[in-house]
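# Fold and contact review
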Amino acid sequence: MSIVTVQLGQCGNQIGHEVFNAICSDVRGTHGLCSKKENESYHDVCKERFFSEEESEVPVARAVLVDMEPKVISQTLSIATRSGYWKYDDRSHFCQKQGSGNNWANGYSVHGPRHKEVIMNLVQKEAEKCDRLSGFFTIMSMAGGTGSGLGAFVTQCLRDAFPASFILNHVIWPYSTGEVIVQNYNSVLTLSHLYQSSDALLVHENDVIHKICAQLMNIKQISFTDVNQVIAHQLGSIFQPTYTAESGLHYSRNPLGDLMETLVPHPEFKMLGLRNIPQMPENSLAYSIFSWPGLIKHLRQMLIANAKMEEGIDWQVRPPRLGSSIPSSHSTNKLPHFNTSIANLVILRGKDTHSVDLGSFRDPSLYTSWLSPQDAFKAWKTPRAFNKYEKSATLVSNSQFLLKPLDNVVGKAWNMFASKAYIHQYTKFGIEEEDFLDSFTALEQVISSYTIL
């Protein structure tokens, strides 16, 4: 089944381009470390998922590009075409001459309704090219105006037009010291609206990825391209073909459906975080040896201690012992920052994946009491290596990973709202104080639900 990617705004288009690049270079690589037959079936499933073949023989990305300024889209189209390995469809993009001025209301209330028909026609055409449509993968930032405001509007339109298709929103969380003064307003409005129409939100925090670039990738002067390439690598590690327990001897055909079924058992809980190991500069790979027990031990501790990367993990954090009931008034003393999960998915790629022991992820103390560990944990595997890593492991987690960042953003936005700062910039485009209050209420409910796990 195929996924249609919708790239929204400057950030969405730049990351989308890197995602297709990462997927294409993975498929082209001869480093699969698996049998020829295995490599071919991996190849075929990946192509069907992300690309359509045209007469030119160059794979064409199943994507729609949308921005309110032309510069980034025209750059993205020409860089992809120049690569010679894949390209975008020249007819699958839409841009205007003026941006949204970092104003969510401008993107949502003005640009969205004005351009709805053209954008949805492009999406419809792209969907019709798929023999079988798994769903939509949207990529957007929360801080600006187009990705966030127009992105939220387009997501609602997708939900109305394709009620039976899955929608996964990939959201970039802004730098905590971002340069957009209203980024917390934009973030609160985006998240609350996406929560209504999306099946799940897959979140990357800019601060975290920046740290990975500095500390793990050893990049001295970090550019947006560096950050986007790390994000694209992590996304590729989820979306490239794998075997699930249900798919048996064939690669899983419904990537988005499988992801939702595994990780989103209740519509109140839709926030997915992502961890991927190992991550290092390519020139260090030749000198590194990884064992599955070591990778799994690190990944599990990253989960329970809510560590953002494999360096600096707090190894003191332990899951609470089952049966040791603690009075709720002392719940803060429960254990230092233990991260409770609803559901987890571990994806293993590379050699000897069949022999990996994942029992430590089935520990009932990691999970909320209302799901059994059998339902709460799944593993996907493939013997084919991914992007030059002989062995790699990815964790996609529906847990308290994003509780603190969410609480911070809502808190900062509320402080500004309480003093009515910049509200007039939104009311002039039809977003009233009432709309802000609805958004705050919706997100406070999400925070509360995740807190009491």
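Residues numbered from 1 in each chain as written. Predicted model: local features only at pLDDT ≥ 70, side-chain atom pairs only at ≥ 80, totals over all residues. Heavy atoms only, no water.

### Overview of the pattern of salt bridges
Quick reminder of the rule: Salt bridges, as used here, are contacts in which a Lys or Arg side-chain nitrogen is within 4 Å of a carboxyl oxygen on Asp or Glu. Counting from the N terminus, the helices are the DSSP runs of H or I reaching at least four residues and the strands are the DSSP runs of E reaching at least two.
On inspection of all chains with the given rule, the structure shows 14 salt bridges. Where Arg132 meets Glu48, a salt bridge forms, and the shortest distance between an N and an O atom there is 3.6 Å. Placement of Arg132 in the loop between α4 (104–128) and β7 (133–141) and of Glu48 in helix α2 (residues 36–50) is noted, with a sequence separation of 84 residues between them. Shared partners join several salt bridges into a network, and the residues in it are Asp89, Arg91, Glu126 and Lys129.

### Observations regarding the sheet that holds strand β3 (residues 60–61)
Under the convention used in this document: DSSP-based pairing: two strands are paired if at least 2 bridges between them are found.
Read across the sheet, three strands follow the order β2-β3-β5 without closing on themselves; strand pairing throughout is mixed. Strands with a single pairing partner mark the edges of an open sheet, and in this sheet they are β2 (51–52) and β5 (87–88).

### Overview of the pairing of strand β9 (residues 200–205)
The test is simple: Exposure categories follow from relative accessible area, calculated using a 1.4 Å probe and restricted to protein chains: below 20% of the type maximum is buried, above 50% is exposed, and the middle band is partly exposed. Handedness of a crossover: with both strands directed away from the viewer, a clockwise path from the first strand across the helix to the second marks it as right-handed.
β9 sits mainly inside the fold: six of its six residues count as buried. Residue alternation in β9 divides its side chains into two sets, Ala200, Leu202 and His204 and Leu201, Val203 and Glu205, and both sets are buried. In the classification by handedness, the crossover that spans strand β8 (residues 166–173), the intervening helix α6 (residues 183–197) and the parallel β9 is right-handed. Of the strand pairs in this sheet, β9 and strand β10 (residues 271–277) are connected by two bridges, and their pairing is parallel. Bridge pairing in β10 places Leu201 opposite Met271.

### Quick word on the domain arrangement of the protein
Stated precisely, the cut-off is as follows: Either an automatic procedure or a domain database provided the assignment from which the domain bounds are taken. By definition in these notes, contact holds between two residues if any of their heavy atoms fall within 4.5 Å. Counted as a polar contact is a pair of N or O atoms within 3.5 Å, where, for protein atoms, one must be capable of donating a hydrogen and the other of accepting one, and residues adjacent in sequence contribute only when both atoms are in side chains. We call Asp, Glu, Lys and Arg charged. Ala, Val, Leu, Ile, Met, Phe, Trp, Tyr, Cys and Pro are nonpolar, and the rest, Gly among them, are polar.
Once the domains are mapped, the protein shows domain 1 (2–272), domain 2 (282–319 + 338–398) and domain 3 (404–452). Using C-alpha coordinates to define each centre, domain 1 is positioned 24 Å away from domain 2. Counting residues at the interface gives 44 residues for domain 1 and 30 residues for domain 2. Taken together, the connections running from domain 1 to domain 2 amount to two salt bridges. Taking the shortest distance from any N to any O, the salt bridge between Asp26 and Arg384 comes out at 3.1 Å. Applying the counting criterion to the domain 1 and domain 2 interface returns 12 residue pairs in polar contact (both at pLDDT 80 or more). Those elements that provide at least two residues to the side of domain 1 that touches domain 2 are α1 (9–28), α2, β9, α7 (206–216), α8 (224–239), α9 (255–263) and β10. By residue class, the composition of the side of domain 1 that touches domain 2 is 23 nonpolar, 14 polar and seven charged.

### Examining the packing of aromatic side chains
The criterion, for reference: Two rings from Phe, Tyr or Trp (for Trp, the six-membered ring) form a pair when their centres sit within 6.5 Å of each other. Planes less than 30 degrees apart are called stacked, planes more than 60 degrees apart edge-to-face, and all others tilted.
Under the criterion given, the structure shown has 23 aromatic pairs. Taken together, a centroid distance of 5.5 Å and an interplanar angle of 35 degrees make the contact between Phe20 and Trp86 tilted. Here Trp86 lies in the loop between α3 (70–83) and β5 and Phe20 lies in helix α1, a separation of 66 residues in the sequence. By relative accessible area, Phe20 is classed as buried at 1%. Pairing Tyr185 with Tyr426 gives two aromatic rings, centres 5.6 Å apart and planes at 90 degrees, and the pair type is edge-to-face. Of this pair, Tyr185 sits in helix α6 while Tyr426 sits in helix α14 (residues 423–427), and the two are 241 residues apart along the sequence.

### Let's talk about the sheet that holds β9
The following threshold applies: Working convention: axes come from line fits to C-alpha atoms, limited for helices to the stretch in contact. Angles between N-to-C directions cover 0 to 180 degrees.
Here we have 10 strands laid out as an open sheet, ordered β6-β4-β1-β7-β8-β9-β10-β13-β11-β12, and mixed in their pairing. Both edges of this open sheet fall to β6 (93–95) and β12 (377–382), since each of them pairs with a single strand only. Sheet twist, expressed as the average angle between the axes of neighbouring strands with direction ignored, equals 20 degrees. Inspection of the sheet shows strand β11 (residues 341–350) paired to β12 by six bridges, in the parallel sense. Pairing of Leu348 across the sheet is with Lys381, part of β12. Strand contacts of α7: β8 and β9, with the helix running at about 45 degrees to β9, the strand carrying the most contacts.

### As for the side chain of Asp226
Note the following rule: For the charge count, each Lys or Arg is scored as positive and each Asp or Glu as negative, with His and the chain ends excluded.
Among the secondary structure elements, Asp226 is positioned in helix α8. Among buried Asp, Glu, Lys and Arg side chains, Asp226 stands out as unpaired, with Lys220 the closest opposite charge at 11 Å. Engagement of the side chain of Asp226 in a polar contact is seen with the backbone nitrogen of Ser223, the distance being 2.9 Å. Leave out the neighbours within four places in its chain, and Asp226 touches Cys213, Ile219 and Gln221.

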